[in-house]
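Below, each chain spelled out in residue letters.
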Amino acid sequence: MAINILMPALSPTMTEGKLAKWYVKEGDTVSAGKVICEIETDKATMEVEAVDEGVIGKIVVPEGTEGVAVNAVIAILVEEGEAVPAGDAKPAAPTPAAKPAPAAAAPAPTPAPTPPVGGSAKTHEGGRIFASPLAKRLAAESGLDLAKISGSGPHGRIVKEDVEQAAKAGTAKPAPKAAPAPAATKEPSAPQFVVPGEATTRIPHTSIRKVIARRMTESKQTVPHFYLTVDYEIDALLEARKAINALAEKSKGSKVSVNDMVIKACAMALRDHPDVNASWSEEAMIQYNTVDIAVAVATDRGLVTPIVRNADLKGLGRIATDMKDLAARAREGKLKLDEFQGGGFTISNLGMYGIKDFLAIINPPQAAILAVGAGEERVVVRNGQMVIRNVMSCSLSVDHRVVDGALGATFLQTLRSYIEQPATMLL
Amino acid sequence: MADTSFDLIVVGSGPGGYVTAIRASQLGMKTAIVERELLGGICLNWGCIPTKALLRSAEVYHLMKHADAYGLSASGVAFDARKVVERSRKVAGQLNGGVTFLMKKHKIAVFMGNAKLDGVAGGLRKVAVAGKDGKSTALTAKNVILATGARARELPGMEADGKLIWTYREAMVPLAMPKSLLVIGSGAIGIEFASFYRTFGAEVTVVEVMDRVLPVEDADISAFARKAFEKQGMKIMTSATVKALTKGANSVTATVEIGGKTQDITVERVISAVGIVGNVENLGLEGTKVKVDRTHVVVDGWGATGEPNVYAIGDLTGPPWLAHKASHEGVTCVEKIAGVKGVHPFETKNIPGCTYCHPQVASVGLTEAAAKAAGHQVKVGRFPFIGNGKAIALGEAEGLVKTVFDAKTGELLGAHMVGAEVTELIQGYTIARTLETTEAELMHTVFPHPTLSEMMHESVLDAYGRVLHI
């Protein structure tokens, strides 16, 4: 019997992905567990394994195809000698099993006043969204856009519960009426300011770019940020680092970076302030029982935030090794799902670019992100005397729903004690 | 030597177990089923099916006695209890054979005997089967699904003796029709037997501890059904308790407390139908993480127990205790085990319930009272059988279709019916609930004329003040 191989949903937020590479060709025999293709998802490149054995009868979605909807048929597996049933070899994009990609199928509530100019936007054939009558009515009454709700019913059909979840989470709000969103825009909620002209080049968005755009917009628009900036003196920290690395050199261990030490210091401070290691939800405050720190890593494809789990329990050496490995694999796009999903706090360090100080956007659903600037020699005043110290500016962006000003300040004070007296973070 | 190593062992072959085994086999699992008595379980051999055969005999008898109303004449209308029972047993026998065939067709290994969980070896669950022949067989499987069902609850001091005091089991195979009968409990089982024996002429008294018959149904339906039963000559005592049963030579005297007073009722036979208890004994659950709450195994929406790779479904688990619930739960469970995509956990609000008394009762979803208690503002529609052409033509103008909608969203919260053939009609509303239709789609749906189903349309219209035929 022919088996349809479907586009897997590799993360809960994934609605579509790019079929980056096929490792098999039509006629190849596969066994369960064999890697058959590579899919570029929201944040990473993942390998997909066959779950059944058989012969690849037909590759439905060619490699390099973007915007392949979850649950679309990507290939057909047949038994030895079996022909591919004609009816099954339908193209992937418009299968009812596929969830309409938010951008592609989203009819902006206000139709575009002008037709898109030179856009290459793909539209779903028919543009039909499968939703139960009750779900449609509930969405209409709560002013939610069905195109932004993912369905959990049969074949991705949107049911009552999905709309209720979306209403609770505050997602799926339709685009603001004032913003004319041409149908061609990838992000219906983002007003389009650019008038494409002759002298522009259009570069199609990667899935990771779309996720960054969506999440950052959502964060800046829905999370009430406030900012606290401090200067930390890091002479002692640099001394400690020098001593640790001298030892590491002897024992051929991983060298510890300033950032690794900031990770450790933040982890210790979060352990002291569990109310910062938390997330807002309408019903209750959600505190994380473990200290997991996401660290922003720049890659060619965009920003990725791998997570150092249980950072408060790990030694500096272990954090350094973990971070090195995570960053390397983040750059190759080889992170596993659980390595970049979750985390209770994020650190973003632009010190290596000579940035003195900056304000970061919170990575939802986390409640805070620390922006770390460059460590540099600055003149400071001590007992009426000008002295030179190594100073590092840090700015904390905080979700005011979770953390009030005084608590944020106290957290930074605690962080100071760890950074300026690095021996305490080893306790 | 038969094969003893499987992907899945299903314990119990009732409508839960055997359907689960078939689905497992379809999903490519090497499957075994263990049964201690008869393939098909209680439902097929001693429950749903043979009682429907009995009730069909009662219905035909009822029609023959009322032949005159249809312009027909029939004289010497009589029955032979032995033959009525014989037909019922034949029907059960035929279906039992059907299950045997289905097991063979799906290459499911059948073991006759009592199964017991017997620990874990090499990552596999061990199950010991004590065969009827005294031989013991050791089986292993990756997963085990328990589907051992339930049995009649016994009231202390009023245990069934099989002669004067019956459970469903004896009530199904009477040697003769008793002249008088007391039924304790007015749930589906009690009321069906009360209806059956009343139709064949027994003086039937029903004692119910709650304040109405069929207490799980909507209050309007309970009241309607009670009136219909009393019109047939059934005696119904609600908010009443049987305090004691005193057995005579061929009679039983029941002491019934009602309204603070006690009275004695002497009858030939008593049927005890006061609920069920789960068959949780001798399954080797002791020392496992399987949790038992008041004789039923606690499971999540997928049938998982606390013990890894041990699942439970059907009457052995929580309510509603219905065959179709067991089957569906089993399919959900086994699909989840197999990793089938898009499997949904079990939604009990979409399980219809049917009682095959005369008039029939069927329902799905929330009662009006339950909907209000859950905080819904409701719109309620009612349509009586007397307003339906087909019902009048059938000579079945007694009945009611009631629908309950959420006033805000138009969600069909529940549907409740009493009257002829409603057990065949309820499926329409069940699909409506599963598909999450609102009143709008139900109003737009064309119902064929002349059918009883038109009343389902009218009831919806009534909820929105648009009823046509009353």
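Residues numbered from 1 in each chain as written. Chains lettered and ligands numbered in written order. Predicted model: local features only at pLDDT ≥ 70, side-chain atom pairs only at ≥ 80, totals over all residues. Heavy atoms only, no water.

Turning our attention to the pattern of salt bridges. Where charged atoms from two side chains of opposite charge approach closely, those side chains can pair. Evaluation of the coordinates by the stated rule reveals 41 salt bridges over all chains. When the shortest N-O distance is used, the salt bridge between Glu420(A) and Arg416(A) registers 2.9 Å. Here Arg416(A) and Glu420(A) lie together in helix α9 (residues 405-420), a separation of four residues that amounts to about one turn. Several salt bridges share partner residues, and in doing so they unite Asp218(B), Asp220(B), Glu368(B), Lys372(B), Arg382(B) and Lys402(B) into one network. (Salt bridge = Lys/Arg side-chain N within 4 Å of Asp/Glu carboxyl O. Helix = DSSP H or I, 4+ residues; strand = E, 2+ residues; numbered from the N terminus.)

Residues and elements named next belong to chain B. Here Arg269 is to be found in strand β14 (residues 269-272). Here Arg269 sits buried without a salt bridge, and the closest side chain of opposite charge, Glu268, lies 4.8 Å off (N-O distance). In this structure the side chain of Arg269 is engaged in a polar contact, spanning 3.1 Å, whose partner is the backbone oxygen of Lys163. (Buried < 20%, exposed > 50% of the residue type's maximum accessible area, 1.4 Å probe, protein only. Lys, Arg positive; Asp, Glu negative; His and termini not counted. Polar contact = N/O pair within 3.5 Å; in protein donor to acceptor, adjacent residues only side chain to side chain.)

All names here are of chain A. Along helix α3 (residues 160-169), the positions that sit buried rather than exposed are Lys160, Asp162, Val163 and Ala166. Each buried residue of α3 sits inside an arc of 165° when the element is viewed along its axis, so together they form one side. Buried residues along α3 sit against α2 (133-142). Gly170 lies just past α3 and shows a positive phi near 75°. (Arc of directions from axis to C-beta. Contact = heavy atoms within 4.5 Å.)

Residue and element names in this part refer to chain A. Predicted confidence across chain A gives a mean pLDDT of 81, with 83% of residues reaching 70 or more. Across residues 88-126 the pLDDT falls below 50, and counting only partners more than four positions away or on other chains, this stretch makes 73 contacts in the model. Here residues 177-190 scores under 50 on pLDDT; set against residues more than four positions off or in separate chains, the count is 24 contacts. (pLDDT = per-residue confidence, 0-100.)

Okay, the nonpolar core next. The biggest cluster of nonpolar side chains holds 55 residues, and the ones touching the most others in it are Ile293(A), Phe345(A), Leu370(A), Leu412(A) and Leu415(A). The greatest single-element share of this core, amounting to nine residues, is contributed by helix α6 (residues 258-272) of chain A. Discounting chain neighbours no more than four positions away, the residues touching Leu415(A) are Tyr232(A), Ala265(A), Cys266(A), Ala269(A) and Leu370(A). In terms of nonpolar packing, the next biggest core, distinct from the first, is built from 36 residues, Tyr168(B), Ala171(B), Val183(B) and Ala194(B) among them. (Core = buried A, V, L, I, M, F, W, Y, C linked by side-chain atoms within 4.5 Å.)

Quick look at a nonpolar patch on the surface now. All names here are of chain A. On the surface, a cluster of nonpolar side chains totalling about 450 Å² of accessible area is made up of Val379, Val381, Met386 and Ile388. Only β17 (368-382) and β18 (385-399) provide two or more residues apiece to the nonpolar patch. Topologically, Ile388 is positioned in strand β18. Accessibility expressed as a relative area gives 56% for Ile388, which makes it exposed. (Patch = residues over 30% accessible without salt bridge, like charges linked within 9 Å, V, L, I, M, F, W, Y side chains within 5 Å. Areas by Shrake-Rupley, 256 points an atom, 1.4 Å probe, with all protein chains shown as cover.)

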